[in-house]
Amino acid sequence: MNMQEIDQYLHAAKTPTGMQIAPIIEGLNKTNQCLYDDFDKGVAIETLVYRKASVIDRVLNVCIEDFIKSQKRNNCCLIAVGGYGRVELLPGSDIDLMLLLEKKPGKDMQEQISAFLTFLWDIGLEVGHSVRSIKDCVREGKADVTVMTNMIESRLLHGSTTLYEKFQLAIAPKKMWSSRKFFEAKLEEQQNRHLRYNDTAYNLEPNIKEGPGGLRDIQIIGWVAKRHFGARSLRELVDHEFITENEYQILEAGQKHLWKVRFALHRLAKRREDRLLFDYQSELATEFGFKAGKNNQAIEQFMQQYYRTIMELERLNEMLLQIFREEILLTDAQKKISIINERFMLRNRYIEVRDADVFKRQPSALVELFLLISTHDKCDGVTASTIRLVREHLYLVDDDFSSNEEVNHLFMQLMSAPSGMTHQMRRMNSYGFLAAYIPAFGKITGRMQYDLFHAYTVDQHSIFVIRNLRRFALDIHEDEFPFCNEVYRELEDPCLLYLAALFHDIAKGRDGDHSELGADEATQFCLQHNLNRKETRVVSHLVRDHLIMSVTAQRKDISDPDVVRDFARHVGSISMLNYLYLLTVADIRSTNPKLWNNWKDALLKQLYGATKQVIRRGIDIAPDIEDIVQENRDAAFDEMRDLPYPIDDINALCDQLPGDYFLRHRPLEIKWHVNTILNNLETDILVNIRQAKFTKTTKVFVYCDENPYVFSQVTGTIGSLGLSILNAEIFTTRNNKVMDTFIIQDQNSEAVTDNATIRHIEAELIRALQSNSIYKSVSHKRQPRQLKAFDRPTEIQFEQDYLNSRTVMEISAMDMPGLLSVIANVIATMEINITHAKISTLGEKIDDIFYLTTPDGKNITDEQELDKLRTQITEALVARKVA
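Conventions and cut-offs
- Residues numbered from 1 in each chain as written.
- Predicted model: local features only at pLDDT ≥ 70, side-chain atom pairs only at ≥ 80, totals over all residues.
- Heavy atoms only, no water.
- Helix = DSSP H or I, 4+ residues; strand = E, 2+ residues; numbered from the N terminus.
- Buried < 20%, exposed > 50% of the residue type's maximum accessible area, 1.4 Å probe, protein only.
- Contact = heavy atoms within 4.5 Å.
- Areas by Shrake-Rupley, 256 points an atom, 1.4 Å probe, with all protein chains shown as cover.
- Lys, Arg positive; Asp, Glu negative; His and termini not counted.
- Charge placed at Lys NZ, Arg CZ, Asp CG, Glu CD.
- Pairing = 2+ DSSP bridges.
- Axes fitted to C-alpha atoms, helices over the stretch in contact; angles between N-to-C directions.
- Core = buried A, V, L, I, M, F, W, Y, C linked by side-chain atoms within 4.5 Å.

Visitor: Can you break down the overall build of the chain residue by residue, with the values?
Guide: A tally of regular secondary structure across the chain gives 40 helices and 19 strands. Projected onto the principal axes, the alpha-carbon positions of the chain cover approximately 100 × 75 × 50 Å. Burial status across the chain gives 56% buried among its 883 residues. Counting contacts in the chain only where the partners sit at least 6 residues apart, residues at least 24 apart contribute 72% of the total. Summed over its atoms, the accessible surface of the chain is roughly 39,100 Å², and 47% of this surface lies on carbon and sulfur atoms. Across the chain, the 108 positively charged side chains and the 126 negatively charged ones have centroids separated by 7 Å.

Below you can see the structure in the form of structure tokens.
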């Protein structure tokens, strides 16, 4: 739609009784539709952005003339500020306006302004506005750099040119917010803004506008340039020789790509939306032409392009702000230089090459640079000119460079540096060096995994793992994970652990097992960097087995001595156990900030301790299960000496307990159970709740007559109360009593500590168990927004554990409210017993393990029965999802 057509709608809106709303709304809607059509035709995004602003300019100019009388307009200005002031409007952008008045408005003027602004809202414009005098602008601008920023991006739309010029003079750098103060304030503002997004642009639902590397990071460069140079565009920075033509092209291309994504997002959301939510990513990927590959979903390709764009913009943002820092903050008197060696020097605590040909003359200096920063305590970073030279000389990082002995030696020195190594890994990744030096790392740069389990891109996750491992080495962080610090001190060579962290996910997205492929990559790298065969084997094994400890601790029955012995046999030595334990903890903590909890901590420590004992005793010396049961029972009796019950009563109760009960419970827990039962002999249904000491979890003990619906009732009731079950230990005594223990947490992954809440849980469970029937209530808990974007098929696998006479059922399915009770109901109706359950939620899906037996305590070996169980659970979950 051209300007003549919008003028037709504006002309139709003018009537003797005043401006009419409907014609303007129709004109604006048709304008938006034309913009959408042109977007789909591939019209340049900058054309669409500017055209939208031009249409709004025209509408506002016509409307203000109708609402504010001509004599009043001579003493006021209508000014576009913020993004609208930059002539940048996307479909859902706010229209930021300022009405500048020569003096305080009278009642008549106030009414006219109010009517004007109300009309703008009535025609569908989302207006952000202020009404100020020049005095107001000066006062509020001085007080708030955000207000100041908004005002320096201004355009006169309508009104007094003289008044507008006075306004510009009043807020000039000589009057307020000098270049220096403005830059310092905007730099602090950016740092705080980045922290709100975990200081990484690679969150799974990034904010296009506010996140690191987003549009704000481009805008801050423009704001500072405007304040310092008076530049009206980024293009003028090339003329000032502050950026190169190539850097300008990268900035412009990045901005255009983000504009396109934001434009499409606004259209899809039908409103202003700057977050790339899971709800929209799939449709956007299709709209941008991406198609799914064998191991790379269309969404993952689309998001990788996005992440790589903002990564490039982050690099430029850092370099250009460093240029401004050197230009604006440092006077000649402050520019101190100290020589480091013949290649590098420090300029005001920032490292700089001594001449522009250093990297050409000695390419290994590209690695030396990062090593020097990590080892030089007086170095705060890299000068902008040197950042630029690194980027310009990445072409030198080829096969010859990567196989150069000096380069390899310097890189390994960096991996072993006592401090600063994590920061330099980030810097190498940011500058593009890491992807050039290790091409396999380049393939995972910006790569996301489309799920709620992995919160960061693969490259960022890998560097976070290294960061977390480094924290285990530092006394200053010992209060976080003191046990990890203890284990770290036993390591033979921490550098091997860092290499394993760097390579553990390096093959994500390829055909085949990423652990196996990553181990091959790690082996080649280690041999190339002159590690001996033993060191290479350690790194390779850690990469290949980096998931095994997590899987064993969270998905297997680690109270079973045979499970622990198999794990110990796989690990082989205490040295490897130490490496693997630390890598596992760091990996889980770096996958998702919400994933780690004290329960996982306790499971891993339990497995670590049990495995260490097995290795010390001798892996091939099989334990006598009966001896272990007796040892645990004796230990429990030692704890129960102070209980006020006859020893014969305690013995009689314990004689009713199955042997594996003593394998799965610690002495204090057994004492709790025994005390609860003997103290309430006349009570048919017992529910007792207490806090776990070290795991931030709550334990629920249930004791009642055996019936097939106990698990169904307990899981359904707990789920309906908005609580999560982490683990379930389920036993039936020899005299047909149920003795179940459930480990639970609240919605914030914390223990349930409120006494009133605990009493309510106990009462609800007793009420439910009295029904002696299947749990029928449906959870009314709403499905979280993010889960709606996913559709994972239900997968159920069975494995026979003949040694323990039980069948292991593993269920992987989409998480949903009430899921556990749905599964429990199916199992109960088929008259199958659950002896043990491990519950695990991994982002949008659950990965639960159930240990099942027939009613007479044997394996379920009938394939038709197992197929029926699989079918009924799958159908029940589909029905629950539809409901």
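The discussion continues.
Visitor: If you had to explain the sheet that holds strand β5 (residues 127-133) to someone new, which residues and values would you point to?
Guide: As a general point, the strands of a sheet are linked pairwise by backbone hydrogen bonds and lie either parallel or antiparallel. Spatially, β5-β4-β3-β6 is the arrangement adopted by the four strands of the open sheet, whose pairing is mixed. With one partner strand each, in any of the chains shown, β5 and β6 (155-159) form the two edges of the open sheet. Direction aside, the axes of adjacent strands within the sheet are offset by 25 degrees on average. Pairing of strand β3 (residues 76-80) with strand β4 (residues 95-101) involves five bridges; the strand directions are antiparallel. Paired with C76 across the two strands is L101, which belongs to β4. The strands that helix α3 (residues 45-67) touches are β3, β4 and β6; relative to β6, the one it contacts most, it runs at about 30 degrees. Helix-sheet contacts for helix α9 (residues 161-170) involve β3, β4 and β6, and the interaxial angle to β3 is about 60 degrees.

Visitor: Could you give me a rundown of the nonpolar core, with the residues and numbers involved?
Guide: In terms of nonpolar packing, the biggest core is built from 177 residues, with F324, F359, F411, F433, I438, L469 and L582 touching the most fellow members. The element that contributes the greatest number of residues to this core is helix α15 (residues 298-329), accounting for 16 residues. Beyond its immediate sequence surroundings of up to four residues, F433 is in contact with L366, V367, F370, L394, V397, F401 and M428. The next biggest cluster of nonpolar side chains, apart from the first, holds 47 residues, and it includes F742, A813, V826 and I860.

Visitor: Before we move on, could you go through the side chain of T854 and cite the residues and values that matter?
Guide: As for its placement among the helices and strands, T854 is situated in the loop between β19 (845-853) and α40 (863-882). Not counting residues within four places of it along the chain, the set of residues in contact with T854 comprises N833, N859 and I860.

Visitor: Describe the sheet that holds strand β8 (residues 344-347), and please don't skip the residues or the numbers.
Guide: Pairing is mixed in the open sheet, where four strands are placed in the order β7-β8-β9-β10. Two strands bound the open sheet, and with one partner strand each, they are β7 (337-339) and β10 (381-382). With three bridges connecting them, β7 and β8 associate as antiparallel partners. Directly across from I339, in β8, lies its bridge partner M345. Lying over the sheet, helix α18 (residues 384-392) contacts β9 (350-353) and β10, oriented at roughly 55 degrees with respect to β9.

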